[in-house]
Number of protein chains: 2
Amino acid sequence: MDQDLQTRLLNAVDALFDREVAFLSALTAHPSTRGHEQSAQDFMAGALAERGLEVDRWQIEVDKIRDLPGFSPVIGDYEDAVNVVGSHRSITRKGRSLILNGHIDVVPAGPLDMWDSPPFEPHVDDGWLYGRGAGDMKAGLVSNLFALDALRHLNLAPAADVFYQSVVEEECTGNGALACLERGYRAEAALIPEPFEEKLVSAQLGVIWAQVHLKGLPTHVAYAGSGANAIEAVIPLIAALHGLEERWNAPGCRHGEYAHAHHPINLNIGRIEGGDWASSVPAWCVFDMRIAIYPGQDIDAAKAQIEEVLMAAARENAFLKNSLPEIVWHGFLAEGYALSDDTSATAKAAIGILDAAHLAVNDRALDRMAITATTDARFFGLYADTPALVYGPRAEAIHGFNERVELESLRRITKSTALFIANWCGIETI
Amino acid sequence: MDQDLQTRLLNAVDALFDREVAFLSALTAHPSTRGHEQSAQDFMAGALAERGLEVDRWQIEVDKIRDLPGFSPVIGDYEDAVNVVGSHRSITRKGRSLILNGHIDVVPAGPLDMWDSPPFEPHVDDGWLYGRGAGDMKAGLVSNLFALDALRHLNLAPAADVFYQSVVEEECTGNGALACLERGYRAEAALIPEPFEEKLVSAQLGVIWAQVHLKGLPTHVAYAGSGANAIEAVIPLIAALHGLEERWNAPGCRHGEYAHAHHPINLNIGRIEGGDWASSVPAWCVFDMRIAIYPGQDIDAAKAQIEEVLMAAARENAFLKNSLPEIVWHGFLAEGYALSDDTSATAKAAIGILDAAHLAVNDRALDRMAITATTDARFFGLYADTPALVYGPRAEAIHGFNERVELESLRRITKSTALFIANWCGIETI
């Protein structure tokens, strides 16, 4: 790219940046938790249509993706699970095609009284935009969009097909991204601006969710032995799972990208509910767990190990041995993915172009980062032979309270993205 | 009482027994969990009115009982908390007055799939009547009523005022019985047919409920240290409470009635709820606990000890020490009560008459039992100087699944109760 075009593109991002922040604020105001993404997707579909993209909007059908690799068992139905894709069809088609992917779903806000201001009433303070989902990852959806806008502002467009994706289900299954694959969307690279500190994600972990159900025979507490309490029976199971977590963190188990990580595999007991009445011995308890796995670690083997430690602990428990827990696998059964393992020429080219774009904007090299979470990148990388670059702005407290994204970081990512698109796809005049 | 009258009374109970079982079945079909007692109370008020009793039906007003001894802090409002009392006014008033007390509220059914048949569709099988509340304590409400019916069947009535009480709130506060005291209902003795194996309850424990709230600052699990999880932070608190439970069970702490009991003080963690999302580190968790105290043990001192062990454990916990738990006292703050400590002539007389009635029906002496639960007896015994006899039928799985009451036991209790009424109150002809 000539220096002049580069400068004009960066200036265009600056020129549009107030609008970009306003757009992010408006998008963050949609409380698009799982099952409630519709208004946010309406907003996105409208924005894509306004820009002249060809809008495809469809409800995910489980039957169409159930047998595909990477599918995760579903929580609830998909009546409200709607993906939106806006397609730019190049006239010249002289460059390389690209998927710009982001997820519209956000995790629950948690207790409102722990937020300094309401989670779905975004506001800007001291250079940060606050709100649930602002960082994870509505800022990324917005940087993808306004990078395209910067080209359009100069009467330019990518010289290859670009598919702008706003997907659901990233936070619990990834089935939104999988449904895009099933619908036929393919490109030579994918960019996903998840909020990882303006670094290129070289590897991501897989994630497994399980729901563990405990049941037993309770009675009036007056006759209770302490061993017959379904809530307390959870305690040795959690301890056993932490044992597995430690074994998976041991040096011999690790993927090379995580050789020096502090504690890459984290177990989380994320939800619990049990019992009906303070004076009735609880007969039931259910907890939701999340644990990570390495790239290359087999999902079925990992599930078997989880089941094995839970059942072994249950068999040693006076209450549980007669009433073994039931493990329900729904939600993530996600493999790990390492971009750094992709030695293809396409991957090298895409990474090289992103390196250059980052350098041009920041005047320093693009760092790599092996993250301890998952993203939708795995679908492109593992199941569509498409290198997936995860590269997004700096955010804080994602999944926590007072989640926020740094606006100057968003500006830089938008700029790098605009340069990446121009160099990867090439440009044509509108 | 002459032998002839005794025989005629016992026969009258037999003659009415099919109707009694049908009545119990109809009453058990009302799902009178806390806040939903209205239809059951309608049913009771109707039955009392049919029998010519003067029916008093009123909503509990918290402001009227808040400052009375024995009051427990309230869960929710009392819009639907309605007591029913049917008064028999004696013409001759030559005997001793009596309160026949029972509670209409039942504890939650718990997961329906753990019941062999629906909890509020009572049925009789092999001499037992099944259903939530059948034993605890609708059978007792019914035995009280049909004991009076047996007299009426012979054109007799008690020769003293009898107040038949169907109260709410026994299972969480006792404020229903307290409201009866506040409304002015007094008598020389009280009978409460709680389901304790046809034994006379010589002592009962007090009960304290507390709700413990934990909060903290969570984040995405990818960055979680295990010390920052509100659900797991519950574990050391439960352990600390079990430590207190063991100290209270130590020989030196015990009331004499519990000197040889196996494990009189039971801690129960009865409910738990925490977290919002499997992949978010839980920021909050709430659990409900119940623990017992001995007769004579001071409520405020017990509360202080509970608070002390919880806070000491919290201060040793990396997560909790910066965010100490909040303890909410709502529900039971109930003192223990020992009928055996009541050395009054009235108590001796009442016990003697019940002993004789039981012997006449069963041909063996009435056993005593120190129970490890609480009942509304404490209000009469501690706050109204009225000996309260807890004596009711054999039931199983109260607060559990497939709760049931033995029908022949109900028949015997109804008979003993009829004899007790006739001898305590005396009789007059209608």
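All of these numbers come straight from a predicted model, not from anything done at the bench.

Here is what the cut-offs are and how they apply
Residues numbered from 1 in each chain as written. Chains lettered and ligands numbered in written order. Predicted model: local features only at pLDDT ≥ 70, side-chain atom pairs only at ≥ 80, totals over all residues. Heavy atoms only, no water. Pairing = 2+ DSSP bridges. Helix = DSSP H or I, 4+ residues; strand = E, 2+ residues; numbered from the N terminus. Contact = heavy atoms within 4.5 Å. Axes fitted to C-alpha atoms, helices over the stretch in contact; angles between N-to-C directions. Phe/Tyr/Trp six-rings, centres within 6.5 Å; stacked < 30°, edge-to-face > 60°. Buried < 20%, exposed > 50% of the residue type's maximum accessible area, 1.4 Å probe, protein only. Lys NZ or Arg CZ within 6 Å of the ring centre and 35° of its normal. Least-squares fit on C-alpha atoms with pLDDT ≥ 70 in both. Parallel < 35°, antiparallel > 145°, perpendicular 65-115°, else oblique. Left-handed = near helix turned anticlockwise from the far one by under 90°. Core = buried A, V, L, I, M, F, W, Y, C linked by side-chain atoms within 4.5 Å. Lys, Arg positive; Asp, Glu negative; His and termini not counted. Salt bridge = Lys/Arg side-chain N within 4 Å of Asp/Glu carboxyl O. Polar contact = N/O pair within 3.5 Å; in protein donor to acceptor, adjacent residues only side chain to side chain. Buried area = accessible area lost by both parts, 1.4 Å probe. Domains from an automatic or database assignment. pLDDT = per-residue confidence, 0-100. Disulfide = S-S within 2.5 Å.

## Observations concerning the sheet that holds strand E5 (residues 128-130) of chain B
Residue and element names in this part refer to chain B. If you trace the 4 strands from one edge of the open sheet to the other, you get E4-E5-E19-E18, paired in antiparallel fashion. If you trace the sheet from one side to the other, it starts and ends with strand E4 (123-125) and strand E18 (395-396), each paired once. The sheet contacts of helix H4 (residues 134-153) involve E5, E18 and strand E19 (404-406), and relative to E19 the element is tilted by about 45°. Of the strands in this sheet, E4, E5 and E19 touch helix H10 (residues 407-425), which is tilted by about 60° from E19.

## Here's the deal with the packing of aromatic side chains
Using the criterion set out here, one finds 20 aromatic pairs over all chains in the structure. Ring plane angle 50° and centroid distance 6.0 Å describe the contact between B:Tyr258 and B:Tyr294, whose orientation is recorded as tilted. Residue B:Tyr258 is located in the loop between helix H6 (234-249) and strand E11 (267-274), and its partner B:Tyr294 is located in the loop between strand E12 (284-293) and helix H7 (299-315); the two are separated by 36 residues in the primary sequence. For B:Tyr258, a relative accessible area of 0% gives the class buried. Given the relative accessible area of 2%, B:Tyr294 is considered buried. The structure contains a cluster of three or more aromatic residues connected by ring pairs, namely A:Phe23, A:Phe43 and A:Phe146. The ring of A:Trp128 has A:Arg404 lying over it, and the distance from NZ or CZ to the ring centre is 3.7 Å.

## Describing the relation of the copies chain A and chain B
Note on the copies: chain A fits chain B at an RMSD of 0.1 Å, the axial shift is 0.0 Å, and the rotation between them is 179°. Taken together, the rotation and translation relating the two chain copies correspond to the operation of a two-fold axis. Minimal C-alpha distance to the rotation axis in chain A is attained by A:Glu273, lying at 2.2 Å.

## Some details on the packing of helix H1 (residues 3-28) of chain B against H4(B)
Residue and element names in this part refer to chain B. Where H1 meets H4, the axes come as close as 8 Å, and the angle between the chain directions of the two elements is 140°. Between H1 and H4, the angle falls in the class oblique. Along this stretch, H1 crosses H4, giving a crossing that reads as right-handed. Together, Leu 9, Ala 12, Val 13, Ala 15, Leu 16, Arg 19, Glu 20, Phe 23, Leu 24, Leu 27 and Thr 28 of H1 and Ala 134, Lys 138, Ala 139, Leu 141, Val 142, Ser 143, Leu 145, Phe 146, Asp 149, Ala 150, Leu 151 and His 153 of H4 make up the contact between the two elements.

## Description of the nonpolar core
In terms of nonpolar packing, the biggest core is built from 97 residues, with B:Leu9, B:Leu98 and B:Leu389 touching the most fellow members. Sequence-distant contacts of B:Leu389, defined by excluding residues within four places in its chain, comprise B:Ala190, B:Leu191, B:Ile192, B:Leu200, B:Leu339, B:Ala350, B:Ile351, B:Leu354 and B:Phe420. Formed by 96 residues, the second largest nonpolar core is a distinct cluster that contains A:Ile60, A:Ala139, A:Val201 and A:Tyr337.

## Considering the side chain of A:Arg290
All names here are of chain A. By the secondary structure assignment, Arg 290 is in strand E12 (residues 284-293). Among buried Asp, Glu, Lys and Arg side chains, Arg 290 stands out as unpaired, with Glu 245 the closest opposite charge at 7.5 Å. Only 2.9 Å separates the side chain of Arg 290 from the backbone oxygen of Asn 266, close enough to count as a polar contact. A polar contact of 3.2 Å, which involves the side chain of Arg 290, links it to the backbone oxygen of Thr 372.

## Some remarks on the pattern of salt bridges
For the coordinates displayed, the defined rule picks out 48 salt bridges over all chains. Here A:Arg368 ties to A:Asp355 by a salt bridge, and the two come within 2.7 Å at their closest N and O atoms. Highlighted residues: A:Arg368 in strand E16 (residues 368-371) and A:Asp355 in helix H8 (residues 345-362), separated in sequence by 13 residues. Residue B:Asp56 pairs with B:Arg183 through a salt bridge whose shortest N-O separation is 2.8 Å. With B:Asp56 in strand E1 (residues 54-59) and B:Arg183 in the loop between helix H5 (175-182) and strand E8 (190-192), the pair connects residues that are 127 residues apart, well separated along the chain. For B:Asp56, a relative accessible area of 16% puts it in the buried group. Given the relative accessible area of 39%, B:Arg183 is considered partly exposed.

## Overview of the interface of chain A and chain B
By convention, interface size is frequently given as the accessible area that disappears when the constituent parts associate. Contacts between chain A and chain B engage 59 residues on the former and 59 residues on the latter. Buried surface at the junction of chain A and chain B, both sides included, amounts to about 5000 Å², of which 62% is carbon and sulfur. If you sort the residues of chain A by the area they bury against chain B, A:Trp277, A:Ala278 and A:His399 come out on top, with a joint share of 14%. Seen at the junction of chain A and chain B, the total is 2 salt bridges.

## Some details on the sheet that holds E16(A)
All names here are of chain A. The strand order across the open sheet formed by 3 strands is E15-E9-E16, and the pairing between neighbours is mixed. The open sheet has two edge strands, strand E15 (337-338) and E16, and neither has a second partner. Relative to E16, strand E9 (residues 200-204) runs parallel, the two sharing 4 bridges. Across the sheet, Leu 200 pairs through a bridge with Arg 368, a residue of E16.

## Quick word on the domain arrangement of chain A
Residue and element names in this part refer to chain A. By domain assignment, chain A separates into domain 1 (3-203 + 336-429) and domain 2 (206-334). Just the C-alpha atoms count here: the centres of domain 1 and domain 2 sit 33 Å apart. At the junction of the two partners, domain 1 supplies 23 residues and domain 2 supplies 16 residues. In total, about 1500 Å² of surface goes out of reach between domain 1 and domain 2, with carbon and sulfur atoms giving 58% of it. Our enumeration of links across domain 1 and domain 2 arrives at 0 salt bridges. Linking domain 1 with domain 2 are 9 residue pairs in polar contact (both at pLDDT 80 or more), by the criterion used here.

## Some remarks on the pairing of strand E2 (residues 82-88) of chain B
All names here are of chain B. Summarising burial for E2: 7 of the 7 residues are buried, a large majority. Alternating residues of E2 divide into Val 82, Val 84, Gly 86 and His 88 and Asn 83, Val 85 and Ser 87, and every residue in both groups is buried. Relative to E2, E1 runs antiparallel, the two being bridged by 6 bridges. Looking across to E2, one finds that Arg 57 is bridged to Val 84.

## Side note on the confidence of the model for chain A
One rule of thumb: low pLDDT means the predicted coordinates there are not for detailed reading. Of all residues in chain A, 97% have pLDDT values of 70 or greater, and the mean over the chain is 95. Here the predicted complex carries an ipTM of 0.91, next to a pTM of 0.92.

## Re the state of the cysteines
All told, the structure shown has 0 disulfides over all chains when counted by the stated rule. In this structure A:Cys425 is not part of a disulfide, and its nearest cysteine sulfur, from A:Cys180, lies 17 Å away.

## Considering the side chain of B:Ser32
All names here are of chain B. Within the secondary structure, Ser 32 sits in the loop between H1 and helix H2 (38-50). From its side chain, Ser 32 meets the backbone oxygen of Ile 104 in a polar contact 2.7 Å long. Other than its neighbours up to four places away in sequence, Ser 32 contacts Glu 37, Ala 40, Ile 104, Asp 105, Val 106, Phe 120 and Lys 138.

## Points about the environment of A:Asp385
All names here are of chain A. Within the fold, Asp 385 resides in the loop between helix H9 (377-383) and strand E17 (388-390). Taking the relative accessible area as the measure of exposure, Asp 385 reaches 71% and is therefore exposed. Counting along the chain gives 85 residues from Asp 385 to Asp 300, while the straight-line C-alpha distance between them is 22 Å.

## What about unusual backbone geometry?
In the segment running from A:Asp136 into A:Met137, the intervening peptide bond is cis, with an omega of -10°. Along the chain, the position of A:Met137 falls in helix H4 (residues 134-153). The phi torsion at A:Glu169 lies on the positive side, around 75°, for a residue other than glycine. Position of A:Glu169 among the secondary structure elements: in the loop between strand E7 (162-167) and helix H5 (175-182). By relative accessible area, A:Glu169 is classed as buried at 2%. Here the phi dihedral of B:Asn155 falls at roughly 60°; this positive angle occurs in a residue that is not glycine. Mapped onto the elements of the fold, B:Asn155 is located in the loop between H4 and strand E6 (156-158).

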